[in-house]
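# Breakdown of the fold
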Amino acid sequence: MPPKKNTAKKRAAGGIANRVSGPLGSPVSHGEEVLQSRSAEPELPTEIHSLWCMICHDGAEGDVVLYKCDACLRIMCSHCIEVPAGHLDIVQRVDVFFFVCPVILSAPSETQLPTFANLPEQGGRPVLPHFLQLNGNFETASCTLLASTPIAIIHFIIGANDEVITPVPLLSHYLQHFYPNGGYTYLEIVFDVATHQKIDVYTRMQQARVTELRRHLGRAGCIFAFFSDHSEQDSGWLFAGKVNGKYIAMSVSQVLSTVFSPYVSLLKAANMVFLVCGSIVAYEDVFVELKQAILDLEVASAIIFPVTRFQPLVATNFLLAMAELVIVEQLDLHKVFPALLSLSNRLGQHSKVILMTKDDAITRPQLSVTTFARAHTQTQPWGIEVPAQCPLCGSTNSWSEKVGVTALDESQVIGDPDQATVARYIYTCTHIECDKSQGKPPHRFHVAKPPGFLVSMAKSKRSGWFQSPSTIFPPPPSVQSSPILPTSSITEGKRLRSSNETVEMTVSTRKRAHV
């Protein structure tokens, strides 16, 4: 039977393209004309109170009143905090200081300004007879700010908005309802920078958009940026656009610097997500180039999914959780990252997750790079995938229940019963015909525990996420650069006579860097 014609839209963010060293054609000259990407800073307020009650997460209609906290940007509605009817006029006076902030409410008494936690204050003395009664419980963290500052989602996408299938439009639809008064904007930036002429057209088109973004964000707004593109599978280079109907790829630094150039000042301190296939990470020199580009942009964080054929739609739950916790509730991404992973088990079966954050604790700019991998007690111990098929008999799902081999942890006190930890797991093929024709025992291999630890906040009964030790980029001058991650920790052998026996055959090392 002849093969059927492929009519399905490509969903993976990778592929093959001709590689070129730079944009084709000649640079476009504009004589003395200077392109202006900056405009005067708009006169917008630097602080904007939330529109949603911090307890019920609802707004106000009809007779419902929203009480603003004078200590922060939070609010509570009259359903969730009871102000005595005889004191309504008092608490709404401009000379009365009113607390609804949970940080103030939970502070030690000597640090509180009013005598009672959430009482208004007049001349340093409470103006209400007793504390106000709360109706309901806090469902979010005490540091949550519900959609209080302007936000912009910028989606940079190659070629056309359907060239890379992503969940970003879904995120936009979800977010816009939290900003009914215009505090939210979504900007889709379609790019094709394959030639100098196309670069010139692209750059000119962004000027009005940058001006509008500045007006929208003011001084208090923040940006979340998504970059959707294909990466060339044999080099890790990024697709730049089409020439004569065919895509061409250029170096990571060339594409990113060109696409981001009009937005450089706006992207500082932004959070960025790369929806690109893992070949951009698989080659060490390209990954170094990517990290340097992220460092130069001065973004607060960057997330990338290093699987070879990344399917962006698989990351939908992860990105929706990020939208709720980081964008709507305005929590710190690094602190809530374990919670995002705990809601993303399906993503873990598809890809690892790399988080790169700006390190502000040092004098020179650096990135802290951390890799998270799904860990399953049987199929993916410590984030290392167990082969789906036995290499000797070809059977699938035939591995025995793993057997743990313990080792002593010298960092613990001698004699401590908890001193012994599992150092590796042994697996044996259970298929009855495995290696029977050779008269040998069934195939066996072991998985050694790599450096790192299981993230406690992202664990369930049988699965979780394994966090590898963070690395710093660029590395200190006195330390030589090391590979991104160690080579495979799966070791195969004909048999293991004891837990300390040296194996007889090791899986060959790949030329590409492992992530």
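You'll find the structure just up there.
Residues numbered from 1 in each chain as written. Predicted model: local features only at pLDDT ≥ 70, side-chain atom pairs only at ≥ 80, totals over all residues. Heavy atoms only, no water.

### Regarding the side chain of glutamine 366
If you trace the backbone, glutamine 366 turns up in the loop between strand E17 (353-358) and strand E18 (367-376). Its relative accessible area of 8% is what places glutamine 366 among the buried residues. The residues contacting glutamine 366, other than those within four sequence positions of it, are Leu295, Thr357, Lys358, Asp359, Ile472, Phe473 and Pro474. (Helix = DSSP H or I, 4+ residues; strand = E, 2+ residues; numbered from the N terminus. Buried < 20%, exposed > 50% of the residue type's maximum accessible area, 1.4 Å probe, protein only. Contact = heavy atoms within 4.5 Å.)

### As for the pattern of salt bridges
Here the structure, examined in full by the defined rule, presents three salt bridges. The salt bridge involving aspartate 200 is made with arginine 204; its shortest N-O contact spans 3.6 Å. Highlighted residues: aspartate 200 and arginine 204, both in helix H4 (residues 196-217), separated by four residues, approximately one helical turn. Between glutamate 212 and arginine 215 there is a salt bridge, and its shortest N-O distance comes to 2.9 Å. Of the two residues, glutamate 212 and arginine 215 both sit in helix H4, three residues apart, roughly one turn of that helix. Its relative accessible area of 44% is what places glutamate 212 among the partly exposed residues. (Salt bridge = Lys/Arg side-chain N within 4 Å of Asp/Glu carboxyl O.)

### Some details on the packing of helix H9 (residues 316-328) against helix H10 (residues 333-342)
At their nearest, the axes of H9 and H10 sit 10 Å apart, and the two run at 140° to each other. Classed by the angle they form, the pair H9 and H10 counts as oblique. In this structure, H9 meets H10 at a crossing whose hand is right-handed. On the side of H9, the interface is formed by Phe318, Ala321, Met322, Leu325 and Val326, while H10 contributes Leu333, Val336, Phe337, Ala339, Leu340 and Leu341. Residues of the contact of H9 with H10, tallied by class, amount to 11 nonpolar, no polar and no charged. (Axes fitted to C-alpha atoms, helices over the stretch in contact; angles between N-to-C directions. Parallel < 35°, antiparallel > 145°, perpendicular 65-115°, else oblique. Left-handed = near helix turned anticlockwise from the far one by under 90°. Nonpolar A, V, L, I, M, F, W, Y, C, P; charged D, E, K, R; others polar.)

### Looking at H9
Taken across its 13 residues, H9 has 10 buried, putting it largely inside the fold. What H9 keeps buried is the set Thr316, Phe318, Leu319, Ala321, Met322, Ala323, Leu325, Val326, Ile327 and Val328. Among the residues trailing H9, glutamine 330 stands out with phi positive, at a value near 55°.

Note that every value here comes from positions in space, so none of it alone points to a role or purpose.
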